[in-house]
Amino acid sequence: MSALRSLASLCHASAPSRGLRSLTRLKHTSSTLAEDVRSDSTFRIPLIDFSAFRAATSLSEKRRVADDIVNGFKEVGFVYLTGHGISGDMIDNVYGKSASFFSLPIDVKAQVAWDDPRANRGYVRVGRERATQSSDAAEIAALRAKAPDTKETMEIGRDWDPVWKNKWPKEVDAPGFKQTMLQFFQTCHELHVVVMRSIALGLDLDESFFDRKIDQQCHNLRLLSYPSIRTKLLLEEGQARAGAHSGMFNRTRMWAGVDLSWRVDYGTVTLLFQDTIGGLEVQNPHTKHYQPAPPMVRFGFV
């Protein structure tokens, strides 16, 4: 996608090599996670092979992985997951369908426009959203007018909801889009269930503690696209790729581009899949400074 290629030069980042350096450091570090994250110079996001949990044949095997995940959330707030069970082919296919959708003419995308915050479904055009922590309507309007979020999104929920219906582009406009996203939504839900089971064990709860609390699949699959933007615009006061954000649902994001703001998601977990461009940062909870979260292609970021 041309927008992504242009952003690669804007970020001045070679994401694959950054990811490999981070992975190497994680493999060879001899200090504990709790020790490393106390300093920005040694800060790291734990890389966890989740296949060990998925393939475990005993509770003790599951507990070892579960303890690592919960410890990662306690000390860092985030983990990288490999061996999560979502195939690289599926992730690549979702990225391809997402890119094809966002490349459609604006009048075609407008046919499935987002129009109700209660539903939170449909296409959100560039500049339509200004995510912020503010609850003051006048302040939000002023922020949107001054520096709207320079991104576009497609919001997808459970397709069987009795009240709120998804908005799908016509098959002739986006071949295979609906089928691909529904399959990905369900696959991510299944991963979500297993991740929550690992968290339950890591918290010394029954493994199925969260099962009945998430079985209604009230999730939000959000596809994001960050079109090209001039560097000087990002340097202007108040301008960002996406403003401060609070999520309300369990989220799965296909993330593409650079985000120069901060966000907090209120829900159980966010499953985030990055492309190769980079730009994502996380706050070190101990120093309060932001640190890069290098993209590791096809790894899940939770």
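Residues numbered from 1 in each chain as written. Predicted model: local features only at pLDDT ≥ 70, side-chain atom pairs only at ≥ 80, totals over all residues. Heavy atoms only, no water.

Per an unreviewed UniProt entry, the chain goes by the name Non-haem dioxygenase N-terminal domain-containing protein and belongs to Paxillus rubicundulus Ve08.2h10.

Got a sec to walk through the overall build of the chain? Specific residues and values, please.
A count of helices and strands for the chain gives eleven helices and twelve strands. Counting only residues that meet the buried cut, the chain has 48% of its 302 residues in that class. Put simply, the chain shows about 14800 Å² of open surface, and 54% of that area lies on carbon and sulfur atoms. (Helix = DSSP H or I, 4+ residues; strand = E, 2+ residues; numbered from the N terminus. Buried < 20%, exposed > 50% of the residue type's maximum accessible area, 1.4 Å probe, protein only. Areas by Shrake-Rupley, 256 points an atom, 1.4 Å probe, with all protein chains shown as cover.)

A description of the side chain of histidine 189 should follow, citing residues and the corresponding values.
Note that histidine 189 resides in helix α9 (residues 177-202). For histidine 189, a relative accessible area of 8% corresponds to the buried category. A polar contact of 2.8 Å, which involves the side chain of histidine 189, links it to the side chain of histidine 219. Setting aside chain neighbours within four positions, we find histidine 189 in contact with Ile214, Gln217 and His219. (Polar contact = N/O pair within 3.5 Å; in protein donor to acceptor, adjacent residues only side chain to side chain. Contact = heavy atoms within 4.5 Å.)

How would you explain the pairing of strand β5 (residues 219-225) if you had to name every residue and give the values?
Among the seven residues of β5, seven are classified as buried, and the element is accordingly described as predominantly covered. On β5, burial covers both faces: His219, Leu221, Leu223 and Ser225 on one face and Asn220, Arg222 and Leu224 on the other are all buried.

Just give me the short version of the nonpolar core, but keep the residues and values in it.
Ranked by internal contacts, the top residues of the largest apolar core, which has 44 residues, are Met154 and Phe177. Sorting the residues of this core by element identifies α5 (59-75), α6 (88-102), β4 (152-156), α9, β5 and β9 (270-274) as the ones contributing at least two each. The element that contributes the greatest number of residues to this core is α9, accounting for twelve residues. When residues no more than four places from it in sequence are discounted, the contact partners of phenylalanine 177 are Lys97, Phe101, Met154, Ile156, Trp168, Pro169 and Leu223. Formed by twelve residues, the second largest nonpolar core is a distinct cluster that contains Val37, Val76, Tyr80 and Leu280. (Core = buried A, V, L, I, M, F, W, Y, C linked by side-chain atoms within 4.5 Å.)

Any details on the environment of tyrosine 290? Residues and values, ideally.
Mapping tyrosine 290 onto the fold places it in strand β11 (residues 290-292). Overall, the relative accessible area of 39% leaves tyrosine 290 in the partly exposed class. In this structure the C-alpha to C-alpha distance between tyrosine 290 and leucine 280, which are ten residues apart in sequence, comes to 9.7 Å.

Would you mind going over the packing of α5 against α9 in detail, with residue names and values included?
Following both chains from N to C, one finds α5 and α9 inclined at 90 degrees, their axes separated by 7 Å at the closest point. With respect to each other, α5 and α9 are oriented roughly perpendicular. Between α5 and α9, the contacting residues are Leu59, Lys62, Arg63, Ala66, Asp67, Ile69, Val70 and Phe73 on the first element and Ser198, Ile199, Leu201 and Gly202 on the second. Of the residues that constitute the contact of α5 with α9, the class distribution is seven nonpolar, two polar and three charged. (Axes fitted to C-alpha atoms, helices over the stretch in contact; angles between N-to-C directions. Parallel < 35°, antiparallel > 145°, perpendicular 65-115°, else oblique. Nonpolar A, V, L, I, M, F, W, Y, C, P; charged D, E, K, R; others polar.)

Lay out the pattern of salt bridges in plain terms, naming residues and giving numbers.
Taken as a whole, this structure holds eleven salt bridges when the rule is applied. Arginine 38 is paired through a salt bridge with glutamate 75; the nearest N and O atoms lie 3.1 Å apart. Taken together, the positions of arginine 38 in the loop between α3 (33-36) and β1 (47-49) and glutamate 75 in helix α5 put the pair 37 residues apart, joining distant regions of the chain. Here arginine 38 falls in the partly exposed class, since its relative accessible area comes to 47%. (Salt bridge = Lys/Arg side-chain N within 4 Å of Asp/Glu carboxyl O.)

Before we move on, can you summarise the packing of aromatic side chains with the specific residues and values?
Summed over the entire model, instances satisfying the criterion amount to seven aromatic pairs. Relative to phenylalanine 102, the ring of phenylalanine 101 lies with its centre 5.4 Å away and its plane at 70 degrees, an arrangement referred to as edge-to-face. Taken individually, phenylalanine 101 and phenylalanine 102 each receive the classification buried, so the pair is uniform in this respect. Centre to centre, the rings of phenylalanine 101 and tyrosine 123 are 5.9 Å apart; their planes meet at 70 degrees, and the pair counts as edge-to-face. (Phe/Tyr/Trp six-rings, centres within 6.5 Å; stacked < 30°, edge-to-face > 60°.)

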